[in-house]
Amino acid sequence: RVLVEKAKAFLLEQSSPTNRFDCLIIDEAQDFTGDKDFMDILSDFIVGGFKDGNVYLFFDPNQRIFGAKGEEKIYQDNRFYEDWRYAQFELLTNCRNSSCIAKALDVIAKEPSFHKFKSKIVSEHLTFIEGKQDLATAEKVASFIDNLKDEGIEARQITVLSGLTLSNPQSVILKELKARYKGKFVEASGNDAKPSELTYSTVYRYKGLENDIVIIIRDGLMKEAQFYVALSRAKVKALVVDVR
């Protein structure tokens, strides 16, 4: 939401846009298309506006974890299809997730579509374990990581996602992993981790990124949409640690 508000303020300062775009491509559109004011402002910067201009919106409504509560999804509004004359089509090739992860995503999706996808990655590595935010569960997660490393997996291919930050007193598992792997357990920031470094992040900060193997610490505060986003970050393998 902060980025959307900053973008809106910037566009409003350009009250009379002189250099309009011939074509606009928007990714992750589900995160801000519910803000009609922002979309109306943005329309002024496109030749022909949203109604007659060349605009491509890519979105997954299941990944809508940002945005104000109660915002209307403009892509479900009649105006989106009628006044702006949009054609809608589905992308049916999953280029990120393995087949088993794609199937799991379809189960938890509010608007299922993954069952139609043809996944390019064939893998059946999706594991669920139950536990608590305690040392015993942290040991199970560490054992999972160590086994992967013994199989030849580089540490940087593994990311741990949580709904809680490392500084949160309840983040026992993250804190234990940080202590166990010392300087080799670092916060994710793009794809610049060293081969020996495990990465961790919150779901919000990791949105838009991906890794071969993702470990999800699912606590009671992680909503379905956040869990969906977290699981969709995994390309080949995923471990879901349910501590609710």
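Residues numbered from 1 in each chain as written. Predicted model: local features only at pLDDT ≥ 70, side-chain atom pairs only at ≥ 80, totals over all residues. Heavy atoms only, no water.

1. Overview of the sheet that holds strand β9 (residues 211-218)
The strands making up a sheet associate through backbone hydrogen bonding, with each pair oriented either parallel or antiparallel. What the 6 strands build is an open sheet, ordered β5-β10-β9-β6-β8-β7; its pairing is parallel. In the strand order of this sheet, the two ends are held by β5 (125-130) and β7 (185-187), each with one partner. Across the sheet, the axes of successive neighbouring strands diverge by a mean angle of 25°, strand direction being ignored. For strand β6 (residues 158-162) and strand β8 (residues 198-202), the ladder comprises 4 bridges, and the chain directions are parallel. Within β8, the residue paired with Leu-161 across the bridge is Ser-201. (Pairing = 2+ DSSP bridges. Helix = DSSP H or I, 4+ residues; strand = E, 2+ residues; numbered from the N terminus. Axes fitted to C-alpha atoms, helices over the stretch in contact; angles between N-to-C directions.)

2. Considering the nonpolar core
Ranked by internal contacts, the top residues of the largest apolar core, which has 22 residues, are Ile-145, Val-160, Ile-173, Leu-177, Phe-185, Ile-215 and Val-241. Broken down by secondary-structure element, the contributors of at least two residues to this core are α6 (135-150), β6, α7 (172-181), β8, β9 and β10 (234-242). Tallying contributions element by element places α6 first for this core, with 6 residues. Excluding anything up to four places from it in sequence, Leu-177 contacts Ala-138, Val-141, Ala-142, Ile-145, Val-160, Lys-182 and Phe-185. (Core = buried A, V, L, I, M, F, W, Y, C linked by side-chain atoms within 4.5 Å. Buried < 20%, exposed > 50% of the residue type's maximum accessible area, 1.4 Å probe, protein only. Contact = heavy atoms within 4.5 Å.)

3. What about the pattern of salt bridges?
Within the structure shown, the criterion is met by 11 salt bridges. With a shortest N-O distance of 3.9 Å, Glu-210 and Lys-235 are connected by a salt bridge. Here Lys-235 lies in strand β10 and Glu-210 lies in the loop between α8 (203-206) and β9, a separation of 25 residues in the sequence. The exposure class of Glu-210 is partly exposed, given its relative accessible area of 29%. For Lys-235, a relative accessible area of 23% puts it in the partly exposed group. The network of salt bridges with common partners includes Arg-96, Glu-210, Asp-212 and Lys-235. (Salt bridge = Lys/Arg side-chain N within 4 Å of Asp/Glu carboxyl O.)

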